[in-house]
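# Structure assessment
One-letter residues, chain by chain:
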Amino acid sequence: MSLVQSGDLKTIITDPDGAELMVKQADALAADLQRAGLATNQIRALFGEVRQIQAQWRMGEKQQALARRRLILLKPKMAYRAKRERKKAVEDLVGVLDPALDMVIAAKDRELQTIYFGNFVDFFEAILAYHKAHGGN
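Here's a quick rundown of the structure. Note that the structure is predicted; figures quoted are calculated from it, not measured.

## Focus on the overall build of the chain
On a plain count of helices and strands, the chain comes out with 6 helices and 0 strands. N-terminal to C-terminal, the α/β element order of the chain is α-α-α-α-α-α. In summary, the chain has a C-alpha radius of gyration of 14 Å against a globular reference of 14 Å for 137 residues, a match within 12%. Counting across all 137 residues of the chain, residues that qualify as buried make up 44%. Put simply, of all contacts in the chain between residues at least 6 apart along the chain, 72% involve residues at least 24 apart.

Take a look at the structure:
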């Protein structure tokens, strides 16, 4: 399986010009995950939480602080899900999303963190879309 290399992941999350690489990597990763047997509901369980965090993030400064906390707490939820599922594909997905979250969390200011979080959401959404396009159920 060709997981996303750390340099590529950094470009996807932190570089404003990383959209083309994001699309390419999301497509390749989604195809690999689909072949490994990842089910759409396994992705959606995590993606649903990310969408809720995104909605809260947009509600102002106080809510953004709470959303950031939820984002940090997403890491143990993903780790739990990766170990709970029988197929290694969830673990592979979390293996890409976890360091991407670290980059968002480590951003040096709120403005950058907001941009990186948006890039993270875009990347996750692209993985989900390509997974479906590759025949994911």
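## Examining the environment of Met22
With respect to the helices, strands and loops of the structure, Met22 is situated in helix 2 (residues 19-35). Judged by its relative accessible area of 9%, Met22 is buried. The sequence separation of Met22 and Leu9 amounts to 13 residues, and the corresponding C-alpha distance is 8.2 Å. Residue contacts for Met22: discarding those within four places in its chain leaves Ile12, Asn119, Asp122 and Phe123.

## Remarks on helix 3 (residues 40-57)
Here helix 3 spans 25 Å end to end across 18 residues, near enough to the 26 Å set by a 1.5 Å rise per residue. Among all positions of helix 3, only Thr40, Gln42, Ile43, Leu46, Phe47, Glu49, Val50, Ile53, Gln54, Gln56 and Trp57 are buried. Where helix 3 is buried, its residues meet helix 4 (61-84), helix 5 (88-105) and helix 6 (110-133).

## Looking at the pattern of salt bridges
Enumeration according to the criterion identifies 9 salt bridges in this entry. One salt bridge connects Arg35 with Asp32, and the closest N-O pair in it is separated by 2.4 Å. Placement of the pair is Arg35 and Asp32 together in helix 2, with a separation of 3 residues, close to one helical turn. Judged by relative accessible area, which is 10%, Asp32 ranks as buried. In this structure, Asp92 engages Lys88 in a salt bridge whose closest nitrogen and oxygen atoms are separated by 2.6 Å.

## Here we look at the packing of helix 3 against helix 6
Angle between the axes and distance between the axes are the two parameters that describe a pair of packed helices. For the pair helix 3 and helix 6, the least separation of the axes is 11 Å and the interaxial angle reads 155°. Looking at the two axes, helix 3 sits roughly antiparallel to helix 6. Judged by the twist between their axes, the crossing of helix 3 over helix 6 is left-handed. Only Gln113, Thr114, Phe117, Phe120, Val121, Phe124, Glu125, Leu128, His131 and Lys132 of helix 6 make contact with helix 3, whose side of the interface consists of Thr40, Ile43, Arg44, Leu46, Phe47, Val50, Arg51, Ile53, Gln54 and Trp57. Looking at the contact of helix 3 with helix 6 residue by residue, the classes come out as 11 nonpolar, 5 polar and 4 charged.

Basis of the calculations
- Residues numbered from 1 in each chain as written.
- Predicted model: local features only at pLDDT ≥ 70, side-chain atom pairs only at ≥ 80, totals over all residues.
- Heavy atoms only, no water.
- Helix = DSSP H or I, 4+ residues; strand = E, 2+ residues; numbered from the N terminus.
- Rg over C-alpha atoms; globule rule 2.2 N^0.38 Å.
- Buried < 20%, exposed > 50% of the residue type's maximum accessible area, 1.4 Å probe, protein only.
- Contact = heavy atoms within 4.5 Å.
- Expected span 1.5 Å × (residues − 1).
- Salt bridge = Lys/Arg side-chain N within 4 Å of Asp/Glu carboxyl O.
- Axes fitted to C-alpha atoms, helices over the stretch in contact; angles between N-to-C directions.
- Parallel < 35°, antiparallel > 145°, perpendicular 65-115°, else oblique.
- Left-handed = near helix turned anticlockwise from the far one by under 90°.
- Nonpolar A, V, L, I, M, F, W, Y, C, P; charged D, E, K, R; others polar.

Function cannot be read off these values alone, since they describe shape.
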